[in-house]
Amino acid sequence: MLGDDTTEQRLRLLQAEFTQFERRGPGDGRTATRTTSPAPLNLGVLDRIHAAVHEIEEHTRAADWTRPAGPVPADATRVYDWARQHTAHLDPERQQARETLICRQGLEHAIAMGDTTVVRKHPCPGCGCWGLMWRPAVQRAACPSRYCTDDDGLSRSWPLATLAHHHIARQLGLKTSAT
Ligand SMILES: [Zn+2]
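**Notes on the overall build of the protein chain**
- The helix and strand tally for the protein chain stands at five helices and three strands.
- Listing each helix as α and each strand as β along the protein chain from the N terminus yields α-α-α-α-β-β-β-α.
- Expressed as a percentage of contacts within the protein chain between residues at least 6 apart in sequence, the contacts between residues at least 24 apart total 52%.

Here is the structure:
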């Protein structure tokens, strides 16, 4: 179904973690525990949230410039609802593009929090098998099947945008092909 709020929940978690970090502040002796966390949180998290909101805002405004959407909500986690409200009247392709973007950001938020297992919930867009593995160095999800390789014999891997595209297309009952 469209309108899934997983991305919003993940952004809220990300934001909460960051706020905690801010309140505690540097040099109180507890910051050291952070280094053992899979994704050390820092000011980059705030940048990430701003970038995510900005991307949604730009996408929403560009989708229909004939109807100015007004300011984005002050609460970053409301931006997805805001985007849906202002694009609900548009054609299915544009709504699909919006949901694909939201889905991709949801994956990004989870990975930013250290949960790279989210890619395993998506089948490989190339061969359909399960067990995709996140490769941080290239920021792509790699297929575990040794039969799923590119022309050079390397494991095929996919950007999060491709996983999101296929996920939303499946939800909409559309056929997809890995390209
Ligand atoms: Zn594969």
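**Considerations on the sheet that holds strand β2 (residues 140–142)**
- Strand order in the open sheet made by the three strands is β1-β2-β3, with antiparallel pairing throughout. Of all the strands in the sheet, just β1 (133–135) and β3 (157–158) have a single pairing partner and so form its edges.
- Bridging between β1 and β2 involves three bridges; their strand directions are antiparallel. The residue bridging W134 from the neighbouring strand is A141, located in β2.

**Some words on the environment of R84**
- Residue placement: R84 occurs in helix α3 (residues 79–87).
- In the structure, R84 is positioned 15 residues away from E99 in sequence and 8.6 Å away in space, judged by C-alpha atoms.

**Focus: the confidence of the model for the protein chain**
- Overall, the predicted model of the protein chain reaches an average pLDDT of 86, with 81% of residues at or above 70.
- When pLDDT is averaged over each helix and strand of the protein chain, the minimum, 78, is found for helix α1 (residues 6–24) and the maximum, 98, for β3.
- Contacts from residues 27–41, a stretch scored under 50 in pLDDT, to residues over four places away or in other chains number 13 contacts.

**With respect to the nonpolar core**
- Core analysis: the biggest nonpolar cluster contains 27 residues, and I56, L107, L163 and A164 have the highest contact counts within it.
- For this core, the secondary structure elements donating two or more residues are α1, α2 (43–63), α3, α4 (92–112) and α5 (160–171).
- Ranked by residue count, the leading element in this core is α4, at seven residues.
- When residues of this core are assigned to domains, at least three fall in each of domain 1 (1–114) and domain 2 (116–179).
- Excluding residues within four positions of it along the chain, L163 makes contact with L107, V119, H122, P125, A141 and W158.

**Let's talk about the packing of α3 against α4**
- Packing of α3 against α4 leaves a shortest axis separation of 11 Å and a crossing angle of 175 degrees. When the interaxial angle is binned, α3 and α4 end up roughly antiparallel. Listed contacts from α4 to Y80, A83 and T87 of α3 are R94, Q95, R98 and I102.

**Structural notes on α4**
- For α4, which comprises 21 residues, the first-to-last C-alpha distance of 30 Å matches the rise-based estimate of 30 Å (1.5 Å per residue) to within 8%.
- For α4, a buried count of 15 out of 21 residues is recorded, marking the element as mostly surrounded by other parts of the structure.
- Following α4 by one or two positions, G114 has its phi on the positive side, about 95 degrees.

**Some points on the packing of α4 against α5**
- At a closest axis distance of 8 Å, the pairing of α4 and α5 adopts a crossing angle of 130 degrees. Between α4 and α5, the interaxial angle falls into the category oblique. Here the hand of the crossing between α4 and α5 comes out right-handed. Contacts between α4 and α5 pair Q96, E99, T100, C103, R104, L107 and E108 from the former with L160, A161, L163, A164, H165, H167 and I168 from the latter.

Reading the values: the criteria
- Residues numbered from 1 in each chain as written.
- Predicted model: local features only at pLDDT ≥ 70, side-chain atom pairs only at ≥ 80, totals over all residues.
- Helix = DSSP H or I, 4+ residues; strand = E, 2+ residues; numbered from the N terminus.
- Contact = placed C-beta atoms within 7 Å.
- Pairing = 2+ DSSP bridges.
- pLDDT = per-residue confidence, 0-100.
- Core = buried A, V, L, I, M, F, W, Y, C linked by C-beta atoms within 7 Å.
- Buried ≥ 20, exposed ≤ 12 C-beta atoms within 10 Å, placed from the backbone.
- Domains from an automatic or database assignment.
- Axes fitted to C-alpha atoms, helices over the stretch in contact; angles between N-to-C directions.
- Parallel < 35°, antiparallel > 145°, perpendicular 65-115°, else oblique.
- Expected span 1.5 Å × (residues − 1).
- Left-handed = near helix turned anticlockwise from the far one by under 90°.

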